[in-house]
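Here is what each chain is made of, one letter per residue.
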Amino acid sequence: MTQTLLNLLAIAVPLAVGFASLFAFTTWLERKILARIQNRIGPNRISLPFTRFRRLFGLIQPAADGLKMLAKEDIVPRDADKLLHLLAPILSLVPPMMVLCLLPLELPYATAGMRALQAAALDNAVLLFFAITSLNTLAVFMAGWASRNKYSLLGGMRAVAQMVSYEIPLVLSAAVVIMAAGGMNAQAIVEAQRAQWFIFTPWGLAAFLIFFIASLAETNRSPFDLPEAESEIIAGYFTEYSGFKFALFFLGEYLAIFAVSGLAVTLFLGGGAGPWVAAYPALSCVWFLAKIFALIFVMIWLRGTLPRLRVDQLMGFAWKFLLPLSLLNLFVAAAALKLAKPWLSWPVGALVLYGAAVALSRSHRADAAPRTYSYAE
Amino acid sequence: MRLLGFGILKGMAVTLENFVRSYFDRDRRHHLFTKEYAWEPGAPAEVLPARADTTVTAHSRNFPILLHDGADPMGGIRCVACQICERECPPQCIYIEKDYDEQGKYIKRPAIFDIDLSVCMSCQICVEVCPFDAIVMDSQFELSTANRFGGLLQHRDQLLKSNEYYHRIHPEEARARDDRMAQEKAEKEAKQAAADAAKKKAAEAKAAAEIAAEKSKPEPSAPTAGGAA
Ligand code: SF4
Ligand code: SF4
């Protein structure tokens with residue numbers, strides 16, 4: 001019993017602590033990358049106190065931010081629903097924290113006893129992942145509702161609409177992988193990609209793209225950051241949050257990004273597979289994190305590139321484009337898996353999927369005339 | 001046919017190029033706008049502010065001011081109250097009323113020229129559209145006051161600053177503007193002179209033609225000509 005408990009802690013604590021510190025690093029990374037994209041420098045001022053280290057590329061910035069958050073006054077609106085207002089940030093943290101343990105991370109020090117306890121070995125890990133992450137919507141809406149502020153409520157409503165819509169393409173594109181791997185066990189899915197990562201098949205590539213786009217929307221990342229659109233509704237659902245509660249939302253958001261990128265790595269990018277893993281099993285963990293960070297880099301890169309969508313565009317994109325495409329992809333994948341001549345799957349699959357995507361985008365393009373501006377000539 | 005998603009990839013290529021080249025490239029298009037530690041000893045000269053009494057560089061812009069030539073603000077005011085800037089200002093924060101003399105004649109200057117600083121977004125569009133070089137951007141940012149609404153509405157006399165002040169805050173830009181204005185003025189004068197000369201010539205030609213006509217005219221018309229004279 002005690003052994004089991006110790007094993008459990010040995011698995012859970014590094015996950016919680018490790019990803020929380022990666023969160024700090026990621027905020028720094030995001031600010032730096034965005035700054036460089038805009039030809040700025042980004043955070044570089046904070047020094048380590050009492051040392052000679054002057055700048056350290058601003059790596060101490062997250063610590064300063066954290067201290068600032070902790071020291072700030074916690075403001076609760078007078079008319080807010082106090083209990084829900086308090087619970088929302090906590091609840092927003094719980095689902096991403098929980099799903100992190102569903103990722104098939106092979107901790108280098110894990111013994112057989114610990115491995116048996118890892119949730120990734122569950123037979124329905126992927127299903128559980130989606131079940132738990134959808135709780136996040138509740139937290140967001142709770143925050144929006146409890147603040148009794150029109151911007152918060154608008155943000156909360158947008159979040160609900162968006163998250164519910166994008167959940168469907170997200171799950172459908174993951175279903176393709178489940179079909180191919182023949183199960184929802186995360187470790188088994190990684191195992192099934194030993195020969196070939198699923199992203200290197202036509203249906204896998206399409207599913208990965210759909211999954212990635214939908215996961216951007218699920219985690220409120222730009223260009224789908226409507227629930228917290230600063231220029232439109234201040235900060236959306238967490239307008240009325242300050243101090244540490246705000247930090248919790250922030251943390252929850254980044255943990256959700258880790259979780260969903262981790263799932264993408266599991267489903268499409270071969271989990272911890274990579275060069276030299278056979279010789280040094282400990283590398284598996286490193287590869288896994290490296291792939292997560294590669295995805296996060298693309299997310300930040302997209303944030304630095306694309307403007308925000310409108311609400312109607314957002315919903316139209318999910319229902320009229322991603323959903324039919326991911327349904328079609330199910331059939332393509334089924335056909336490709338049963339195909340007698342596997343080499344046919346690339347040309348035919350790519351043609352069908354690309355043709356469908358073009359047709360869909362054509363049929364929904366609004367035939368509006370180019371906008372004319374009265375002042376900008 | 002355009003590839004699906006091609007526009008997104010193109011945009012991503014641009015941002016990636018910015019990202020990578022911001023580390024290596026030293027040319028103008030990709031250099032970093034931020035200069036590190038500009039105010040610390042040993043900072044390179046080009047990052048130091050133009051004036052010693054401010055931390056603002058010559059490139060900073062915020063809130064418009066009105067310019068006047070010479071020492072007397074209202075005597076040398078360049079603004080003619082044409083109200084173009086009032087119409088073009090995106091957030092509509094400029095308010096202008098024309099000035100009239102006692103006879104009700106428009107005397108080409110504003111009686112009221114207000115800018116609401118709480119609305120102005122320092123976009124510089126008013127500067128771009130003004131045909132008289134009357135309005136330029138300031139670099140003053142220390143505008144806080146002790147009360148809540150004080151100083152938010154800037155009136156004509158607060159907005160009026162001399163051309164020398166403009167030269168002090170944005171030297172290069174002011175010089176370029178002065179040069180352009182001088183050139184435009186010279187061109188206008190040259191044109192005017194040319195037009196005058198042409199007019200004079202035309203008048204002379206006409207006079208000559210008239211004299212010639214007079215000479216060749218038959219006698220009976222002489223009384224009429226005499227009457228006209
Ligand atoms: S500032 Fe320029 S554009 Fe505006 S009213 Fe005066 S002259 Fe016209
Ligand atoms: S700077 Fe822009 S907002 Fe400000 S007064 Fe000029 S046009 Fe209006």
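Source: prediction; values computed, not measured.

Conventions used here
Residues numbered from 1 in each chain as written. Chains lettered and ligands numbered in written order. Predicted model: local features only at pLDDT ≥ 70, side-chain atom pairs only at ≥ 80, totals over all residues. Heavy atoms only, no water. Salt bridge = Lys/Arg side-chain N within 4 Å of Asp/Glu carboxyl O. Buried < 20%, exposed > 50% of the residue type's maximum accessible area, 1.4 Å probe, protein only. Pairing = 2+ DSSP bridges. Helix = DSSP H or I, 4+ residues; strand = E, 2+ residues; numbered from the N terminus. Axes fitted to C-alpha atoms, helices over the stretch in contact; angles between N-to-C directions. Phe/Tyr/Trp six-rings, centres within 6.5 Å; stacked < 30°, edge-to-face > 60°.

Asker: Describe the pattern of salt bridges, naming the residues involved and giving the relevant values.
Answerer: Should the charged atoms of two oppositely charged side chains come close, the side chains can pair. The tally for this structure, following the rule as stated, stands at 16 salt bridges over all chains. The salt bridge partner of Arg310(A) is Asp312(A), with a shortest N-O separation of 2.9 Å. For Asp312(A), a relative accessible area of 47% puts it in the partly exposed group. Sharing partners across several salt bridges, the network here consists of Asp133(B), Arg177(B), Arg180(B) and Glu184(B).

Asker: Explain the sheet that holds strand β1 (residues 62-68) of chain B to me, and be specific about the residues and the numbers.
Answerer: Each strand in a sheet pairs with another by means of backbone hydrogen bonds, the pair being arranged parallel or else antiparallel. All names here are of chain B. If you walk across this open sheet you meet the three strands as β4-β1-β6, and the pairing is mixed. Two strands lie at the open edges of the sheet, namely β4 (135-138) and β6 (160-162), each paired on one side alone. For this sheet, the mean inter-axis angle between neighbouring strands, taken without regard to orientation, is 55°. Alignment of β1 against β4, held across four bridges, turns out to be antiparallel. Bridge pairing links Leu-66 to Ile-135 in β4.

Asker: A description of the packing of aromatic side chains should follow, citing residues and the corresponding values.
Answerer: Residues and elements named next belong to chain A. On inspection of all chains with the given rule, the structure shows 26 aromatic pairs over all chains. Considering the side-chain rings of Tyr-237 and Phe-249, the 5.6 Å spacing of their centres and the 65° angle between planes classify their relative orientation as edge-to-face. Here Phe-249 lies in helix α11 (residues 243-268) and Tyr-237 lies in the loop between α10 (230-233) and α11, a separation of 12 residues in the sequence. The exposure class of Tyr-237 is buried, given its relative accessible area of 2%. Considering the side-chain rings of Phe-238 and Phe-246, the 5.3 Å spacing of their centres and the 80° angle between planes classify their relative orientation as edge-to-face. Ring pairs connect the aromatic residues Phe-23, Tyr-237, Phe-238, Tyr-241, Phe-246, Phe-249, Phe-250 and Tyr-254, which therefore count as one cluster.

Asker: Requested: an account of unusual backbone geometry, with residues and values cited.
Answerer: With an omega dihedral of 5°, the bond running from Ser222(A) to Pro223(A) counts as a cis peptide bond. Take Pro223(A): it is sitting in the loop between α9 (202-218) and α10. For Lys108(B), which is not glycine, the phi dihedral falls at a positive 55°. Following the sequence through the fold, Lys108(B) ends up in strand β3 (residues 106-116). Judged by relative accessible area, Lys108(B) falls into the exposed class, the value being 56%. Even without glycine at this site, Asp133(B) takes up a positive phi of about 50°. Looking at where Asp133(B) falls in the secondary structure, it is placed in the loop between α3 (125-129) and β4.

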